[in-house]
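# Observations on the model geometry
Take a look at the letters that make up each chain.
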Amino acid sequence: MRDVAWRSARRHPSREKQGEVFRNLLAVQAVETFLIRMGVKTGRGSDSYDLAAQLSLDVADLEILGVGRLECRPVNPKAVHCDVPMETWNDRLGYVAVAIEETQATLLGFLPEVQAQQVLLDRFEPLTNLFEALVVKENSLSDWLVGNARDRWIDLKQWKPQGNPLAAFCHTPVVERPVEQIVTAINQAQDDEALWSESDRLWQIAPEHPQAGVRRVLDLGLALEGNGIALVVGVLPKEDDGEVAVLLRIAPLQQVYLPQGLTLAGLYPDGNAFARVQARESDNLIQLKFQANLGEKFSVQVMLGDCSITEHFTA
Amino acid sequence: MTDSLDRQLQALLAEACAYPAESIARQKALTQFVAVVENSGKLWRGAGADRDLYAEALNENWLYLLQRIETYDPGRGAVMTWINFYLKNRLKDVQMARQKSLDRKIDWGDEVGLNPWETLPDPHSNPWATVEDNSEPPRENLLDVINLWLRSDRSLRRMHVLDRPDINGAVVIGNRLPPPKKWKELALELNAKPDTLTNFYHNRCLPKLRSFLQSKGFG
């Protein structure tokens, strides 16, 4: 184990960097050994093994196959705190503190999130909490329909973004029509286009109406290179139980138009796309509409250049 | 023999129960009870378990049982049976807890003594002399090569944060080479948010640096 860490470390000309890389990889391998014993599948595709990342960042990530990356921070056995550099704050399933000694390593505890570069060790949770973090986080649309959603998905009715009014998230012009008429139109809609146009109308007038379905928004914020962008996911139950209609909609938060080339895709569990749309030069909105059977799994991916964000759903 | 032991223990328990809980009289009775049990030779010995763990289990067992002497039901069996039943379970708990903590310790498994918190020995040496050394020796000129690239590759300057040509690849990568400038410091200098810089670095700069190093045969 240690010779792998050593060989990686000695590639670096700076003595401090050598020590840092050596300790980081010891921590990664200690956690990897522990997880393998517990039957978790790990890989070596992480930044912690990559020369460019080692050179320019202080990272100790461990690849959990098919799920994401776990940060394994080395801790001096005499220390009372754990260092968690800023460059590890994103894109991690969580953080494990690992005491590194001359003859052994000890896994001290786990945190799902950090917001400071130094965390006191007694803030760490029991190691057993780690296992919850190692599963793909899914959003359940049937839960959404009964009012339960993970915190990061905000109810569009309650959302107060800076600048843009809610109306910007519907591109169907408001028309004065009685609510009952719109509801009837929703129930009689022959296809997804008609369904969502009518639903937009109902949403603008009466978002609380039971037939208006559920819409939640995720602020994609800085994740896409400083372009403020929001992803709205709308769900409507269908007449025949067992199916839901799904709307995916992307709109800009600060600019008028979406960045050209921004892609929105719906993916099957195997990663292949079943639908995809790309923003052209002057698009202020892009969207996808489809239907899913309850229990069906899919993912939503938003991409711009090298950056992408993926959210996982069960209908 | 066992019958008379059991009668004795039952009598002691009954006496203890007759006194109010926490009273001195009860405590005296229970102390005698424990002494008789431990001297009886009938207490389960732990069947070869680690002595420390057994002692811990025994201790916890007493703490547990003496709080609930009223729950002993003579109809269900002898007092010793009652005590030994809980003792065996307690030992299992203690063993499992110890095992869990052992699982968190990872032994390096090699003989090499190396303090990871001190400056590592000369990279030209190999503490694992028996390991076949196919790895690259340290390239003293790695930083020189990168610095040259930063100065000469124009595309690095054209790659920048939206509306901020001053926050470009050459500047940010340059500041991250050892010894790196801290993100907060760099953010202050460039008048930007630290997470704008880290995102820019991860998404744009790092892939560029990586492919440059690969093209030069490093990493």
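Residues numbered from 1 in each chain as written. Chains lettered and ligands numbered in written order. Predicted model: local features only at pLDDT ≥ 70, side-chain atom pairs only at ≥ 80, totals over all residues. Heavy atoms only, no water.

## Observations concerning the overall build of chain B
Note the cut-off: Numbering goes from the N terminus for both helices and strands, where a helix is a DSSP run of H or I of at least four residues and a strand is a run of E of at least two. Here's how the labels work: a residue is buried when its accessible area is under 20% of the maximum for its type, exposed when over 50%, partly exposed in between, all with a 1.4 Å probe on protein chains only. Only heavy atoms enter the contact rule, under which two residues are in contact if any of them lie within 4.5 Å.
A count of helical and extended segments in chain B gives nine helices and three strands. Going residue by residue from the N terminus, the α and β elements of chain B occur as α-α-α-α-β-α-α-β-β-α-α-α. Counting only residues that meet the buried cut, chain B has 37% of its 219 residues in that class. Intrachain contacts of chain B at a sequence separation of at least 6 include 60% that bridge at least 24 residues.

## What to know about the interface of chain B and chain A
The test is simple: By convention, the term buried area covers the 1.4 Å-probe accessible surface removed from two parts as they join, with the contributions of both added. Any Lys or Arg side-chain nitrogen located within 4 Å of an Asp or Glu carboxyl oxygen qualifies as a salt bridge. Gly counts as polar in this scheme, as do all residues outside two lists: the nonpolar Ala, Val, Leu, Ile, Met, Phe, Trp, Tyr, Cys and Pro, and the charged Asp, Glu, Lys and Arg. When DSSP finds at least two bridges between two strands, those strands are taken to pair.
Every contact between the two is made by 54 residues of chain B and, on the other side, 54 residues of chain A. Between chain B and chain A lies a buried interface of about 5,300 Å² when both sides are counted; carbon and sulfur atoms form 60% of it. With a shortest N-O distance of 3.2 Å, arginine 176 of chain B and glutamate 87 of chain A are connected by a salt bridge. At 13 residues, the largest contribution of residues to the side of chain B that touches chain A is made by helix α9 (residues 194–215) of chain B. Here the side of chain B that touches chain A is built from residues that sort into 27 nonpolar, 13 polar and 14 charged. Relative to strand β1 (residues 105–107) of chain B, strand β6 (residues 104–111) of chain A is paired through three bridges, and the arrangement is antiparallel.

## Side note on the packing of aromatic side chains
Quick note on the threshold: Stacked, edge-to-face and tilted labels apply to pairs of Phe, Tyr and Trp rings (six-membered ring for Trp) whose centres lie within 6.5 Å, assigned for plane angles under 30 degrees, over 60, and everything in between, in that order. Each ring is checked for a lysine NZ or an arginine CZ that lies within 6 Å of its centre and within 35 degrees of its normal; such an atom marks a charge sitting over the ring.
Counted by the stated rule, this structure contains 15 aromatic pairs over all chains. Ring geometry for phenylalanine 290 of chain A against phenylalanine 298 of chain A: centres 5.2 Å apart, planes inclined by 85°, an arrangement best described as edge-to-face. Comparing phenylalanine 290 of chain A with phenylalanine 298 of chain A, the two get one shared label, buried. Measuring from centroid to centroid gives 6.3 Å for phenylalanine 33 of chain B and tryptophan 62 of chain B, while their planes differ by 80°, and the two rings are edge-to-face. Highlighted residues: phenylalanine 33 of chain B in helix α2 (residues 24–39) and tryptophan 62 of chain B in helix α3 (residues 51–66), separated in sequence by 29 residues. The structure contains a cluster of three or more aromatic residues connected by ring pairs, namely Trp144, Trp153, Tyr268, Phe274, Phe290, Phe298 and Phe313 of chain A. For arginine 68 of chain B, the ring lying beneath its charged end belongs to tyrosine 64 of chain B, and the centroid distance is 3.9 Å. One cation-aromatic arrangement involves arginine 90 of chain B over tyrosine 64 of chain B; the distance from NZ or CZ to the ring centre is 4.9 Å.

## Comments concerning the pairing of strand β10 (residues 214–219) of chain A
All names here are of chain A. Among the six residues of β10, five are classified as buried, and the element is accordingly described as predominantly covered. When strand β9 (residues 154–155) meets β10, the two strands line up antiparallel, connected through two bridges. Counted as the bridge partner of isoleucine 154 is valine 217 from β10. Bridge count between β10 and strand β11 (residues 229–237): six bridges; the pairing is antiparallel. Across the sheet, residue arginine 216 finds its bridge partner in β11, namely valine 233.

## Side note on the side chain of glutamine 104 of chain A
Along the chain, glutamine 104 of chain A falls in strand β6. Given a relative accessible area of 19%, glutamine 104 of chain A falls into the buried group.

## A word on the layout of surface pockets
Condition: As defined here, a cavity is a set of points on a 1 Å grid over the protein atoms alone where a 1.4 Å probe fits but cannot get out. A pocket is an open set with protein on both sides within 12 Å along at least five of seven lines, and residues line them when an atom is within 4 Å of a point. Grid points are joined across faces, edges and corners, and a volume is the space filled by probe spheres set on the points.
Within this model, the second largest pocket holds a volume of roughly 710 Å³. In terms of lining residues, the second largest pocket is bounded by 30 residues, among which Glu20, Asp58, Arg73, Asp83 and Pro85 of chain A are the most central. Looking at the lining of the second largest pocket, the elements that each hand over two or more residues are α2 (15–37), β3 (68–75) and β4 (81–83) of chain A together with α8 (183–190) of chain B. Top contributing element to the lining of the second largest pocket by residue count: α2 of chain A, with five residues. Considering only residue class, the lining of the second largest pocket consists of 13 nonpolar, five polar and twelve charged.

## Points about the confidence of the model for chain B
Test applied: A score from 0 to 100, pLDDT tells how confident the predictor is in each residue.
With 90% of its residues at a pLDDT of at least 70, chain B reaches an overall mean of 87. Of all helices and strands in chain B, the one with the weakest mean pLDDT is helix α4 (residues 79–103) of chain B (86), whereas helix α7 (residues 169–176) of chain B scores best (97).

## Here we look at the sheet that holds β1 of chain B
The criterion, for reference: Between the N-to-C directions of two axes lies an angle of 0 to 180 degrees, each axis being a line fitted to C-alpha atoms and, for a helix, fitted only over the stretch in contact.
Read across the sheet, six strands follow the order β1(A)-β2(A)-β3(A)-β5(A)-β6(A)-β1(B) without closing on themselves; strand pairing throughout is mixed. Strands at the two margins of the open sheet, each flanked by one partner only, are β1 (42–43) of chain A together with β1 of chain B. Pairing of strand β2 (residues 61–64) of chain A with β3 of chain A, which is carried by four bridges, proceeds in the antiparallel orientation. Across the sheet, the residue bridging to aspartate 61 of chain A is glutamate 71 of chain A, located in β3 of chain A. Packed on one face of the sheet, α2 of chain A meets β1, β2, β3, β5 (94–100) and β6 of chain A together with β1 of chain B and runs near 120° to β3 of chain A.

## Quick notes on the pairing of β3 of chain A
All names here are of chain A. For β3, a buried count of seven out of eight residues is recorded, marking the element as mostly surrounded by other parts of the structure. Examined bridge by bridge, β3 and β5 share six bridges and lie parallel to one another. Looking across to β5, one finds that arginine 73 is bridged to alanine 97.

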